[in-house]
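# Survey of secondary and tertiary structure
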Amino acid sequence: MVTLTHAHLNNNQQSPPKTLSALSTDLISSYFNKGSIEDAHTLFDEMSHRDVVTWTAMITGNISCNRHNRAWDMFSQMLKHGVRPNAFTVSAVLKACKGLHYLNALSCGKLVHGLAIKNGTRGSSIYVDNALMDVYATCCDTMLDARTLFDNIVIKNAVSWTTLITGYTHRGDAYAGLRVFRQMFLEEGELSPFSFSIAVRACASIGSGILGKQVHAAVINHGFESNLPVMNSIVDMYCRCRLAYEAKQLFCEMTHKDTITWNTLIAGFETLDSKESFCIFSRMVFEGYSPNCFTFTSVVAACANLAVLHCGQQLHGEIVCRGLDNNLALSNALIDMYAKCGKVADAHKIFIEMPCTNLVSWTSMMIGFGAHGHGKEAVELFNEMVGSGIKPDKIVFMAVLSACSHAGLVDEGLRYFRLMTSYYNVSPDRDIYGCVVDLLGRAGRLKEAFQLIENMPFKPDESIWVSLLGACKAHKEPSMGKFVASRVLDMKPNRVGTYVLLSNIFAAEGNWADFAISRKLMRGMRNKKEAGRSWIELKSQVYSFIVGDKSVFSNELISEALELLIMHMKDVGYVPDLDSFVHDLEDET
DNA sequence: GCGTCCAAAA
């Protein structure tokens, strides 16, 4: 029960006295601000007279608390009560449309569009025009409608430009976004920090450090260097463009930092250099910043990359202590971490205890099962996921196919490959074809794999041939192996692995002349090959080494552990594959 | 008393 007290009515002595409805609106907004949604609704329900402003406050309040459906409900109730929406209402409710279920968003937006034309707010309020453009930019299949609306706005403001740039960028057309960004300068449109950060984001999404640096320069020239969100997005851009030095340099030069700045750098280094992301993480804590769920998501992912179980477990403990363990993204990261550290059971425990899951949770769990050879479990999980109403995407199909491939469930995998287009309406891309080639190849069905490559609707790239090449090697198919190797060499003449394989095929059939040629070619590019690296975690310390690494093998702890491992491998029937060995060891110094 | 756009997970 909420009542207006004397104190509420008395808080405004300077300016002219407010009406009761104005005061109630004030109160409603402040209830929403502190998250007391129900109090706001109770107060609203008890009001005897509600005007447009009050109704609009209810709509925006619900939007600010992510209650888009409820905001839409308030709007339709308002119409039923015969209250005419103004420009404020229209722009607000258009924002709510974006948050509705994707099947309703566009039709609701169009409905409001019609209303806006009828009441004359469309074309007379820049807020309405911009919000409308945003709905079309986010919900339509193409940018055509949004573009037409934009072109019809006579006096565009900074939000108009940003909305258009964002529309293009978020649907993956970063170049179009950047063209609009440039057009904005040419037409001397109003600049805002928002447009700069989305332009930076566009550069990041195409991985173009060159364009990114140009936008960075523009940021400095226009005095947005003091804007923290803009600078954070530039740090993010440098990381995504794999410019680690530039990212760190900028980070160090920034006089003002917030948690997002740290999180951005940590997330960036998670992919660039996982070990380094830990160092940044501990410096963040040392400098007194409090890590949040985004921070932990990145460092847990770093643990997964490095496969350092102890570290991951410690972080997990910390996450539980801080009460962050019901965060969706973080739980997904933990599933992935445990699976990659070899603890599928622990990953599964997290998965089944999650109060709510999304597509990523299921995919991570399936990848985990697949990587450990539990193909059947992965397939069951897929069926369960579809049954629970989650629509599969391309990546989850990659997970199923790869799980089937590793568990030898070839026909099962092929069935899902067919269902993918015929039932789930997901069109396979080159990566999916790669998975199917791998599935067939691993099972030794090389002819079918080859036919699939020949008949697929894409031009085969190098990686798909490499996958088949591996299968030829594993199933000892020298003739097809030679053919496939020549395809790989056509596309990527510098790939040392191809020569190793080819020369070993020649050696196996005693063709020493061709062997010599391939070895010679290979030697010419030796320095380009990166050595295979192994990792081992002993007593909470990670050691990494390459073949013949003397410093590591002189370490007793490691050599003992490795000997034990080798004994164990032999016990379970492992026979070393000498075919993949480089045959001339004498020059392997 | 009410409004539109930016920056974070497989």
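Residues numbered from 1 in each chain as written. Chains lettered and ligands numbered in written order. Predicted model: local features only at pLDDT ≥ 70, side-chain atom pairs only at ≥ 80, totals over all residues. Heavy atoms only, no water.

To continue, consider the protein's contact with DNA strand B. In the neighbourhood of DNA strand B, 40 residues make up the surrounding shell, with Ser-21, Ser-125, Phe-194, Ser-197 and Ala-329 lying closest. At 3.5 Å, a side-chain N or O of Arg-240 approaches a phosphate oxygen of DNA strand B. Between Asp-393 and DNA strand B, the recorded distance is 3.3 Å, taken from a side-chain N or O atom to a base nitrogen. If you list the elements that add at least two residues to the surface near DNA strand B, you get α2 (20–33), α4 (52–64), α6 (87–99), α8 (126–139), α10 (158–170), α12 (193–205), α14 (228–240) and α22 (359–371). (Near = heavy atom within 4 Å. Polar contact = N/O pair within 3.5 Å; in protein donor to acceptor, adjacent residues only side chain to side chain. Helix = DSSP H or I, 4+ residues; strand = E, 2+ residues; numbered from the N terminus.)

Moving on, we get to the nonpolar core. The biggest cluster of nonpolar side chains holds 170 residues, and the ones touching the most others in it are Ile-28, Ile-59, Ile-234 and Leu-468. Look past the residues within four positions of Ile-59 in its chain and what remains in contact with it is Ala-71, Met-74, Phe-75, Met-78, Thr-89, Ala-92 and Val-93. Counting 6 residues, the second largest nonpolar core, distinct from the first, contains Ile-536, Leu-538, Phe-545 and Leu-562. (Core = buried A, V, L, I, M, F, W, Y, C linked by side-chain atoms within 4.5 Å. Buried < 20%, exposed > 50% of the residue type's maximum accessible area, 1.4 Å probe, protein only. Contact = heavy atoms within 4.5 Å.)

At a minimum axis separation of 11 Å, helix α9 (residues 144–152) and α10 run at an interaxial angle of 165°. The angle between the axes of α9 and α10 places the two elements in the roughly antiparallel class. Judged by the sense of rotation from one axis to the other, the crossing of α9 with α10 is left-handed. Residue-level inspection shows Ala-146, Arg-147 and Phe-150 of α9 in contact with α10, the latter providing Ser-160, Trp-161, Leu-164 and Tyr-168. A per-class count over the contact of α9 with α10 returns 5 nonpolar, 1 polar and 1 charged. (Axes fitted to C-alpha atoms, helices over the stretch in contact; angles between N-to-C directions. Parallel < 35°, antiparallel > 145°, perpendicular 65-115°, else oblique. Left-handed = near helix turned anticlockwise from the far one by under 90°. Nonpolar A, V, L, I, M, F, W, Y, C, P; charged D, E, K, R; others polar.)

Let us look at the packing of α6 against helix α7 (residues 102–118). Closest axis-to-axis distance for the α6/α7 pair is 9 Å, and the angle between their directions is 165°. Accordingly, the angle class assigned to the pair α6 and α7 is roughly antiparallel. By crossing handedness, the relation of α6 to α7 is classed as left-handed. For the pair α6 and α7, contact is made by Val-90, Val-93, Leu-94 and Cys-97 and by Ala-105, Cys-108, Gly-109, Val-112 and Ala-116, respectively. In the contact of α6 with α7, the residues fall into 8 nonpolar, 1 polar and no charged.

We now examine helix α20 (residues 328–340). Taking 1.5 Å per residue as the helical rise, α20 with its 13 residues ought to reach 18 Å, and the 19 Å between its terminal C-alpha atoms agrees with that figure. Among all positions in α20, only Leu-330, Ser-331, Asn-332, Ala-333, Leu-334, Ile-335, Asp-336, Met-337, Tyr-338 and Ala-339 are buried. Contacts made by the buried residues of α20 are with α18 (293–306), α19 (309–321), α21 (344–353) and α22. One side-chain oxygen at the N-terminal end of α20 lies 3.2 Å from the backbone nitrogen of Ala-329; it belongs to Asn-327. Note on α20: the residue one or two positions beyond its end, Gly-342, has a positive phi of about 85°. (Expected span 1.5 Å × (residues − 1).)

So, on to the packing of aromatic side chains. Under the counting rule described, the total for this entry stands at 21 aromatic pairs. Geometrically, the ring pair formed by Phe-251 and Trp-262 is edge-to-face, given 4.9 Å between the ring centres and 80° between the ring planes. Here the residue Phe-251 occupies a position in helix α15 (residues 244–253), and Trp-262 occupies one in helix α16 (residues 259–272), the gap between them amounting to 11 residues. Judged on exposure class, the residue Phe-251 and its partner Trp-262 are both buried. (Phe/Tyr/Trp six-rings, centres within 6.5 Å; stacked < 30°, edge-to-face > 60°.)

On to the confidence of the model for chain A, then. When pLDDT is averaged along chain A, the result is 89; 93% of the residues meet or exceed 70. This stretch, residues 1–13, has a pLDDT under 50; its non-local contacts, to residues over four places away or in other chains, come to 18 contacts. Taken as a whole, residues 585–589 scores under 50 in pLDDT and shows 4 contacts with residues more than four places along the chain or in a different chain. (pLDDT = per-residue confidence, 0-100.)

So, on to the pattern of salt bridges. In this structure the tally under the stated criterion is 16 salt bridges. In this structure, Asp-431 and Lys-394 form a salt bridge, with 3.7 Å as the shortest nitrogen-oxygen distance. Taken together, the residues Asp-431 in helix α26 (residues 430–442) and Lys-394 in helix α24 (residues 394–407) connect sequence positions 37 residues apart. Given the relative accessible area of 43%, Asp-431 is considered partly exposed. For Lys-394, a relative accessible area of 27% gives the class partly exposed. Salt bridges here are not isolated pairs; linked through shared partners, they connect Arg-201, Asp-236 and Arg-240. (Salt bridge = Lys/Arg side-chain N within 4 Å of Asp/Glu carboxyl O.)

Turning next to the UniProt feature "repeat: PPR" (unreviewed entry) in chain A. On the UniProt side, "repeat: PPR" (unreviewed entry) is annotated at positions that read residues 51–85 and 358–392 here. Taken end to end, residues 358–392 is 74% helix and 0% strand, and its two terminal C-alpha atoms sit 11 Å from one another. (UniProt positions renumbered as here; feature names shortened; annotations may be inferred.)

The next subject is the environment of Glu-253. In this fold, Glu-253 is placed in helix α15. Residue classification places Glu-253 among the exposed residues on the basis of a relative accessible area of 52%. Along the sequence, Glu-253 and Val-542 sit 289 residues apart, while their C-alpha atoms lie 32 Å from each other.

Positive phi values are uncommon outside glycine, yet Glu-188 reaches one of about 50°. Structurally, Glu-188 is set in the loop between α11 (174–186) and α12. Since its relative accessible area comes to 71%, Glu-188 is described here as exposed.

Over its 14 residues, α18 runs 20 Å from end to end, which matches the ideal 20 Å to within 8%, given 1.5 Å per residue. By the criterion of burial, α18 is predominantly enclosed, with 11 of the 14 residues buried. Within the span of α18, buried status applies to Cys-293, Thr-295, Phe-296, Ser-298, Val-299, Val-300, Ala-301, Ala-302, Cys-303, Ala-304 and Leu-306. On its buried side, α18 packs onto α16, α17 (274–286), α19, α20 and β1 (534–538).

Here Ser-195 is to be found in helix α12. What makes Ser-195 buried here is its relative accessible area of 1%. A distance of 2.7 Å separates the side chain of Ser-195 from the backbone oxygen of Ser-192, its partner in a polar contact. Setting aside residues up to four positions removed in sequence, Ser-195 forms contacts with Thr-162, Ile-165, Phe-181 and Met-184.

In this section: the side chain of Asp-236. Checked against the element boundaries, Asp-236 lands in helix α14. Judged by its relative accessible area of 17%, Asp-236 falls in the buried class. Residues in contact with Asp-236, not counting those within four places in the same chain, are Arg-201, Ala-204 and Thr-264.

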